[in-house]
Amino acid sequence: SVALPEPRAAETRHRSLAAAIEWTYGLLTPSQQRLFCRLAIFPTTFTMEAAEAVGSTDAPESATFWDDLGTLVDRAVVQIRADRGRRSRYAILGSQRAYGLTLLRREGGEDDAIRRLAAHTAAWVEDAAGRLTGERQQEELDRLEVDLATIHFVLSWAAAHAEVAVGLRLSGLMWRFWTTRGTL
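A brief structural summary. (Residues numbered from 1 in each chain as written. Predicted model: local features only at pLDDT ≥ 70, side-chain atom pairs only at ≥ 80, totals over all residues. Heavy atoms only, no water.)

A separate point is the packing of aromatic side chains. In the structure shown here, the tally under the stated rule is five aromatic pairs. Ring geometry for Phe46 versus Tyr90: centroids 6.0 Å apart, planes at 25°, classification stacked. Placement of the pair is Phe46 in the loop between helix H2 (30-39) and helix H3 (48-55) and Tyr90 in strand E2 (residues 88-91), with a sequence separation of 44 residues. Like Phe46, the residue Tyr90 is buried in the burial classification. One aromatic cluster in this structure is built from Tyr25, Phe36 and Tyr99. (Phe/Tyr/Trp six-rings, centres within 6.5 Å; stacked < 30°, edge-to-face > 60°. Helix = DSSP H or I, 4+ residues; strand = E, 2+ residues; numbered from the N terminus. Buried < 20%, exposed > 50% of the residue type's maximum accessible area, 1.4 Å probe, protein only.)

Our next topic: the packing of H2 against helix H4 (residues 65-74). As a packed pair, H2 and H4 sit with axes 9 Å apart at the nearest point and diverge in direction by 75°. What the angle tells us is that H2 and H4 run roughly perpendicular. Across the interface between the two elements, Ser31, Gln32, Leu35, Phe36 and Leu39 of H2 pack against Phe65, Asp68, Leu69, Thr71 and Leu72 of H4. Across the contact of H2 with H4, the residue classes tally to six nonpolar, three polar and one charged. (Axes fitted to C-alpha atoms, helices over the stretch in contact; angles between N-to-C directions. Parallel < 35°, antiparallel > 145°, perpendicular 65-115°, else oblique. Contact = heavy atoms within 4.5 Å. Nonpolar A, V, L, I, M, F, W, Y, C, P; charged D, E, K, R; others polar.)

We now examine the environment of Arg181. As for its position among the elements, Arg181 is in helix H9 (residues 164-181). The exposure class of Arg181 is partly exposed, given its relative accessible area of 26%. For the pair formed by Arg181 and Asp142, sequence separation is 39 residues and the distance between their alpha carbons is 9.9 Å. Every residue in contact with Arg181, bar those within four places of it in the chain, is listed here: Gln138, Leu141, Asp142 and Glu145. One polar contact links Arg181 to Glu145, side chain to side chain, over a distance of 2.8 Å. (Polar contact = N/O pair within 3.5 Å; in protein donor to acceptor, adjacent residues only side chain to side chain.)

This is how it looks when you write it as structure tokens:
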């Protein structure tokens, strides 16, 4: 028989995790906090270019984007991982992501972050789609595969928010991937 933790122990552990995330968040500067919340929109790992597209703003402090991203990595708020092609990707752990999303929604920044993510995703998928029949086909298929969760996230958002143009554009660009990989 396996001993299960007491309900109060689990509650204490969850409160401790939330307290640790809040404490770490409190150590960040306001621009780092905004960047963290904007990056929490990603459902899975993301590239440096995607981070810049979603996280960089038109505000004067946007010039510090790279410094802020470096600080988030240094403080383990954002991790660096390698994808199948050995390119660097970034990730935010689930509990930290949930915290950042909650704050992003509370501050009213979720819509802008998703729109930026949708625009960036459609642009790079369009770029990749142009190489799905050439000598770099396998590389591009693999690249799309790595970001499939983000593509599905954007498509789901487009469908839920009547963003027909975004959904149609992205779906139209993905058809060759889906038919080649047999996922349609």
